[in-house]
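Fold and contact review
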Amino acid sequence: MTIRQMALAAAAVLVAAPLAAQNDINTVCGGVPAQAQDECAIVAQAVDAAQPQLGILMAGGNPILGTASTGGVRLGLIPRVSVTGRVNVVGARLPDIRELDGGQADEFTLPAPAIGANVSLGLTQGFNVAPLIGGFGAIDLLGSVSVLPLELVGDDFGENAFSWGAGARVGLIRESFVTPGVSVSLMYRDLGEVSFGQVCEGTEVSVGGNVSTCAADGDFGEIDFGLSNWSARAAVSKRLLGLGLTAGVGYDKFETDASFAFRAPAVAGTESIYRFRDVAVDNDRWSAFLDGSFTVLVASLVGEVGWMQGADPIGGFPSTSDFDPGEGTWFGSVGFRLSL
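Summarised in this report is the structure supplied together with it.

1. Some details on the packing of aromatic side chains
Here the structure, examined in full by the defined rule, presents nine aromatic pairs. Where Phe317 meets Phe323, the ring centres are 6.3 Å apart and the plane angle is 80°; that geometry is what we call edge-to-face. For the pair Phe317 and Phe323, one class covers both residues: buried. Pairwise contacts between aromatic rings join Phe260, Phe262, Tyr274 and Phe276 into one cluster.

Below, the structure is given as structure tokens:
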């Protein structure tokens, strides 16, 4: 490579870097006019806050409600199977992008539900590390499906969204009369498109770039995104006389290419609509959860409560807003499990 070619390549990198940075949720509003940056940051913050809350809604805490013990296999041949039907609920909190109050967005809260099922399939039995201490290295395959019934939540949301997931759980100790069950798990999940708000209920007319006008009514902002989630869990469980407790911690990584739009006054005094597409949104969160269960033979009724940490606001988000991104999020589940 000649010196001239090396210089051209270096220049291309320097030019591409700021262009890529403009598609990050923390910096995307830097390209809008100064008089519209607060409005842009409010809607961008709604995207950044909604992503992990919807992620924990589909993931929940424990991947298999009510137990941390691997199932293993029976007779060395027949795998143990566990099937759980569950309803997850998240106390979702967002800046209210439907309208502004004195130039600021109020906090919008609602209990967001998800209905789904989980399955675990024993793959290996593991081995004993000491007398009465077994199951080390046992592997269960995990799967999940769920639906977010957004059409039941309100007219401001789009169509129902579906998710699927797959992963594995590795046993450290299998639960027995004298020992608790201890395991770690990793799952990947994917959630379809979720939308909230509609800035233009009529026809938009482009005025150049990502700016348009709309003569019809609409919300102040709108957001639209799907997400992928890597979900790691470590849990311990113990059951006595049919009553069981499971406690655990989780770490989640959420990734999204989002779209959002907002209304803002232009310099001439007329409203303009700014649209952004393929904006990268990356979040990671720690969480903790506690399950309580009651088991009769192969059937278990389980309830779960959990908490996920908050995060710092994105750059430019007004500090006077009622919405505080640093507050954590409560989530919970109820479910019915059959273990065969």
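From this point, the discussion proceeds with the structure in view.
2. Regarding the state of the cysteines
For the structure shown, the criterion picks out two disulfides. A disulfide bridge connects Cys200 with Cys214, and the sulfur atoms are separated by 2.0 Å. An S-S torsion of about 75° defines the bridge between Cys200 and Cys214 as right-handed. Remark: Cys214 occurs in strand S9 (residues 211-214) and Cys200 occurs in the loop between strand S7 (181-196) and strand S8 (204-208); sequence separation between them is 14 residues. In the protein chain, the cysteines engaged in disulfides, taken in order along the sequence, are linked 1-2, 3-4.

3. Let's talk about helix H2 (residues 37-59)
The first and last C-alpha atoms of H2 sit 33 Å apart over 23 residues, in line with the 33 Å expected at 1.5 Å per residue. Taken across its 23 residues, H2 has 21 buried, putting it largely inside the fold. After H2 finishes, the residue Gly60 shows a positive phi value of roughly 65°.

4. A word on empty space enclosed by the protein
A probe matching the size of a water molecule, rolled over the atoms, marks out where space remains unfilled. Overall, the coordinates contain five cavities of 30 Å³ or more when judged by the stated rule. By volume, the largest cavity amounts to about 160 Å³. What lines the largest cavity is a set of 16 residues, among which Ala50, Leu54, Ala92, Leu94 and Phe157 lie closest to the centre. Counting only elements with at least two residues in the lining of the largest cavity, the list comes to H2, strand S3 (81-95), strand S4 (107-124), helix H3 (150-153), S7 and strand S10 (221-240). The element that contributes the greatest number of residues to the lining of the largest cavity is H2, accounting for four residues. Here the residues of the lining of the largest cavity sort into 15 nonpolar, one polar and no charged. For the second largest cavity, the lining is made up of 16 residues, of which Ala49, Gln53, Arg285, Gly310 and Pro325 are closest to its centre.

5. Overview of the layout of surface pockets
For the largest pocket, the calculated volume is near 610 Å³. If you go around the largest pocket, you meet 33 residues; those closest to its centre are Thr67, Ser69, Thr70, Arg239 and Ser339. Of all the elements in the fold, those that place two or more residues in the lining of the largest pocket are S3, S4, S10, strand S11 (243-265), strand S12 (271-296) and strand S14 (329-339). Class assignment for the residues of the lining of the largest pocket results in eight nonpolar, 17 polar and eight charged.

About the criteria used
- Residues numbered from 1 in each chain as written.
- Predicted model: local features only at pLDDT ≥ 70, side-chain atom pairs only at ≥ 80, totals over all residues.
- Heavy atoms only, no water.
- Phe/Tyr/Trp six-rings, centres within 6.5 Å; stacked < 30°, edge-to-face > 60°.
- Buried < 20%, exposed > 50% of the residue type's maximum accessible area, 1.4 Å probe, protein only.
- Disulfide = S-S within 2.5 Å.
- Helix = DSSP H or I, 4+ residues; strand = E, 2+ residues; numbered from the N terminus.
- Expected span 1.5 Å × (residues − 1).
- 1 Å grid on protein atoms, 1.4 Å probe; cavity = no way out; pocket = protein on both sides within 12 Å on 5 of 7 lines; lining within 4 Å.
- Points joined across faces, edges and corners; volume = space filled by probe spheres on them.
- Nonpolar A, V, L, I, M, F, W, Y, C, P; charged D, E, K, R; others polar.

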